[in-house]
Amino acid sequence: MYQGIRIAGFGGQGVISAGILLAQAGVEDKKNASWLPSYGPEMRGGTANCSVVVSDGEVYTPIVSSPDTVIIMNEPSLPKFEPLLKKGGLMIINSSLINSRPTRTDITVVCVPCNKIAEELGMDRIANLVALGAFIKQTGAVTLQSVEHAMKKVYKRAKPEMLELNKKALQAGYDAVK
Amino acid sequence: MTIIAKKPASLTDLPMHYCPGCGHGIVHRLMGEAFDELNIADRVIGVAPVGCAVFADSYFACDMVQGAHGRGPAIATGIKRSKPQAIVFSYQGDGDLASIGMAEIVHAAVRSENITVIFINNAIYGMTGGQMAPTTLVGQVATTAPKGRDPKLQGWPINMCEMLAQITGAKYLERVAVDSPQNVMKAKKAIKKAFENQVNGVGFSMVEVLSQCPTNWYASVPQALEFVRTKMMPQYPLGVFKDEGGK
Amino acid sequence: MTEKTLRKGNEALAEGAIRAGVRFFAGYPITPQNEVPEYMSAHMAEAGGAFVQAESEVAAINMVYGAASTGTRSMTSSSSPGVSLKQEGITYLASADLPCLIVNVMRGGPGLGSISGSQGDYFQATRGGGNGDYHVIVLAPNSVEELGNFPKLGFELAEKYRMPCMILADGILGQMMESMSFNFDPIDPNQLGKFDWAVDIHKNGRKKNNVFSYKGDNLIADVVERAKRYGLIEKTEARWEEREAEGCDVLLVAYGLSSRACLEAVNKAKEEGLKVGLFRPITLWPFPSKRLAELAGKAKAVLTVEQSLGQLVQDVKLAINGKTPVYLNAYPAGGQPDGNTILTAVRSILSGGKEGLFDLQEHADGFNYECKRDTSLGMQGDLKGGK
């Protein structure tokens, strides 16, 4: 298994932290993992994305230039990352915020209303975890349990009730993919 | 036979290379006496500069490090932070301290590094042959100011003690001279105090010594001493600019 | 050996340095190495060492000069423009025969350049960088794990040969997170032997120690003595890694991050039935010339892949000495290699094409060389000012 993933969205949507969580989950699963952030010049707002690799063997370059999966959280990221996606790759689209759809027909597209699901759980900010849950269901790259373990390490200062909510978001995203 | 005068034990027996009439040798001796009297000789680590005192590492009996031009206070910082029990000094001339090493001296004072700086101000670059220094007086001739220092072209001399006195971390600043026996005695007291401060953990201490350079001033030794008194002292008044040793 | 954890490159480096017994660190803010001094400021005191945020890179390296004079394991880190400023201190450290560790997390240049990862300081690192006849040992990690474990190796080499050691990383290695483990237990510097040359407090009346750089009449003898050490290092301390390098048709040569893109290319090539191998220098000085020449002698061609404009390729050509044709696939000033573009260059070599191959003189004659840059990597974008 070698999964190169790009997660992209607005700054503040949690795409950077979702990437760290995914990489940490890979480590929990005794796999090799890497994470590389990419910010715009702005400290807040702007667009952000990160590269994550989870691999049974060694990780080649941490720069994922032709990803196996892209997780698209906002509209501007769709045209930017659609061309990079590998033939036969997976695209997860946050359909709450993105109206457009990819033109490519050689990829698998999964639409998940991440923000809507997150709002129903009571917190818009955890849409990133809904997307991550959907990714896990679709690829099995890591397990839900390993993400839950990873949360404790990545969100060290999170309160227990927040961690509980995070888990719910992850599960909801997982369940949203049929 | 009774010995009534001898070289301080803190200096080596090596003959110094300084020109006749130069102030460096006097200051070295005063430092050596201070180390002996404070009984710190085995704890002292010195930083020698680039300039006329480049061989100072051979004259002091303590361990010495020879640094790059102007970087003495940074090097002394590295030594002191690694060996807090050592008594660390940086010995610097005016080009070294007030020109190329301005950032290092200012920030050593800002951090109030517990080190002692001995600053030899002779208003000229000595080793390189008499070029204009940041402390060269207005009108003073130098090889790079052949018509004398002109403020319109080269600005005015810089007074380091007065400048550093603005910095909270600078705890002891005194300007002395070595032009007369009386002033040599005062210089000795100041130098000793600057090292005593370090022993007591006071923080950044600097003694500026107005020193004669007969060679590059094209003067006889008496003329050079007269130059210190009549030309340098009006620009660089002697005295204590800061003394927070007790606080 | 510790359990594998996910760590940021710069933080693994800083933690690895503290574990290796570093007890003095001086630095100055510059992107993309800021996590190193930040980590040191938080953890050095509890390790019993000293951290100083210096007033400049020049001051920082001179603080290291002072601390290294005392025999303390001392280091500084910076990024390209800052390392240029440190060259004064590095040449003094070399001339005073002091061991220390200097880290360069490279960014694009020249000048202020950009904050993207780059390998543009290869010449500066491997040729000395400052004035005079000298070398520093240069280690080139290609993973977070190596970033964390090389400080120990660096100090062992620096102290054995009494000279500065540099870790040459790049912005992406510094900024990425990766699973890694430390392959050594923390070192208590008090348990390390004392150096008889170090300046220190000395009660027992030992001969005074002078750490000095001005050698006067002794300079020739001094430089020639040092050359003997350099020769010994070249003979015995070269380090490298080989992948599928025996019997390949095209041998890739790359260090640091570029070597990982090459690994991707090696594996993709295998799927296509192409025989492509990789030779990765781990020490850039000493350069592993001998082994490279042996392997290159058996290959049809050698392709150097570097994030600079033909720097590494010069050492490759010197090593191979004309026996095998050497080509260049270059990504200067913040460009990043990936497996596909490297494979394009490999195919060009095998088919006599030009795509992906850079040649300075052909470029002058109008040959258009496309340097790919992943514009979706916004970090490579352009933080104004950059410091």
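Look above for the structure.
Parameters and conventions
- Residues numbered from 1 in each chain as written.
- Chains lettered and ligands numbered in written order.
- Predicted model: local features only at pLDDT ≥ 70, side-chain atom pairs only at ≥ 80, totals over all residues.
- Heavy atoms only, no water.
- Helix = DSSP H or I, 4+ residues; strand = E, 2+ residues; numbered from the N terminus.
- Rg over C-alpha atoms; globule rule 2.2 N^0.38 Å.
- Buried < 20%, exposed > 50% of the residue type's maximum accessible area, 1.4 Å probe, protein only.
- Contact = heavy atoms within 4.5 Å.
- Areas by Shrake-Rupley, 256 points an atom, 1.4 Å probe, with all protein chains shown as cover.
- Buried area = accessible area lost by both parts, 1.4 Å probe.
- Salt bridge = Lys/Arg side-chain N within 4 Å of Asp/Glu carboxyl O.
- Polar contact = N/O pair within 3.5 Å; in protein donor to acceptor, adjacent residues only side chain to side chain.
- Pairing = 2+ DSSP bridges.
- Axes fitted to C-alpha atoms, helices over the stretch in contact; angles between N-to-C directions.
- Expected span 1.5 Å × (residues − 1).
- 1 Å grid on protein atoms, 1.4 Å probe; cavity = no way out; pocket = protein on both sides within 12 Å on 5 of 7 lines; lining within 4 Å.
- Points joined across faces, edges and corners; volume = space filled by probe spheres on them.
- Nonpolar A, V, L, I, M, F, W, Y, C, P; charged D, E, K, R; others polar.

Observations regarding the overall build of chain B
Scanning chain B from terminus to terminus reveals nine helices and seven strands. Over its C-alpha trace chain B gives a radius of gyration of 17 Å, about what one expects of a compact globule, namely 18 Å for 247 residues. Here the C-alpha coordinates of chain B stretch approximately 50 × 50 × 30 Å along the principal axes. Counting over 247 residues, chain B shows a buried share of 60%. Contacts in chain B between residues at least 24 apart in sequence constitute 68% of all its contacts with a sequence separation of at least 6. About 9,600 Å² of surface is accessible on chain B, with carbon and sulfur atoms providing 59% of the total.

What about the interface of chain A and chain C?
Where interface size is given, it is often the accessible area lost as the parts come together that is meant. Facing 29 residues of chain A, the contacting portion of chain C comprises 30 residues. Of the roughly 2,300 Å² buried where chain A meets chain C, counting both sides, 58% is carbon and sulfur surface. Notably, a salt bridge pairs Glu58 of chain A with Arg243 of chain C, separated by 2.7 Å at the nearest N-O pair. Where chain A packs against chain C, one counts six residue pairs in polar contact (both at pLDDT 80 or more). Secondary-structure elements contributing two or more residues to the side of chain A that touches chain C are α1 (15-28), β2 (32-39) and α2 (77-81) of chain A. With eight residues, β2 of chain A is the largest single contributor of residues to the side of chain A that touches chain C.

Remarks on the sheet that holds strand β7 (residues 164-170) of chain C
Whenever strands of a sheet pair, they do so through backbone hydrogen bonds, lying parallel or antiparallel. Strand order across the open sheet formed by seven strands is β3-β2-β4-β5-β7-β6-β13 (chain C), with mixed pairing between neighbours. Since the sheet does not close on itself, it has two edges, and those belong to β3 (50-53) and β13 (283-285) of chain C, each with one partner. Strand-to-strand, the axes of this sheet are offset by a mean angle of 20 degrees, without reference to chain direction. In this sheet, β7 of chain C lies alongside strand β5 (residues 100-106) of chain C in parallel orientation, the contact comprising seven bridges. Residue pairing in the sheet places Asn104 of chain C in a bridge with Leu168 of chain C of β7 of chain C. Lying on the sheet, helix α3 (residues 72-82) of chain B is in contact with β2 (24-27) and β3 of chain C; it crosses β3 of chain C at an angle near 155 degrees.

Concerning the interface of chain B and chain C
Listed per partner, the contact involves 33 residues of chain B and 32 residues of chain C. For the pair chain B and chain C, the two sides together bury roughly 2,600 Å², of which 58% comes from carbon and sulfur. Interface area lost by chain B to chain C is led by Asp42, Asp63 and Gln66 of chain B, which between them contribute 23%. On the surface where chain B and chain C come into contact, there are four salt bridges. Run the count over chain B and chain C and you get 16 residue pairs in polar contact (both at pLDDT 80 or more).

Things to note about the arrangement of the chains
Ranking the two pairs of chains in contact by contact count places chains B and C at the top. As for chain B relative to chain A, no contact occurs, and the smallest C-alpha gap between them is 31 Å.

Some details on helix α4 (residues 127-139) of chain A
Residues and elements named next belong to chain A. Over its 13 residues, α4 runs 19 Å from end to end, which matches the ideal 18 Å to within 8%, given 1.5 Å per residue. With 10 of its 13 residues buried, α4 lies for the most part within the structure. Listed in full, the buried residues belonging to α4 are Ala127, Asn128, Leu129, Val130, Ala131, Leu132, Gly133, Ala134, Phe135 and Ile136. Downstream of α4 by one or two residues, Gly140 has phi in the positive range, about 65 degrees.

Observations regarding the layout of surface pockets
Taken as a whole, the second largest pocket encloses approximately 580 Å³ of empty space. Every residue lining the second largest pocket is counted, 26 residues in all, and those nearest its centre are Lys83 of chain B together with Gly71, Thr72, Asn190 and Lys194 of chain C. Class assignment for the residues of the lining of the second largest pocket results in seven nonpolar, 10 polar and nine charged.

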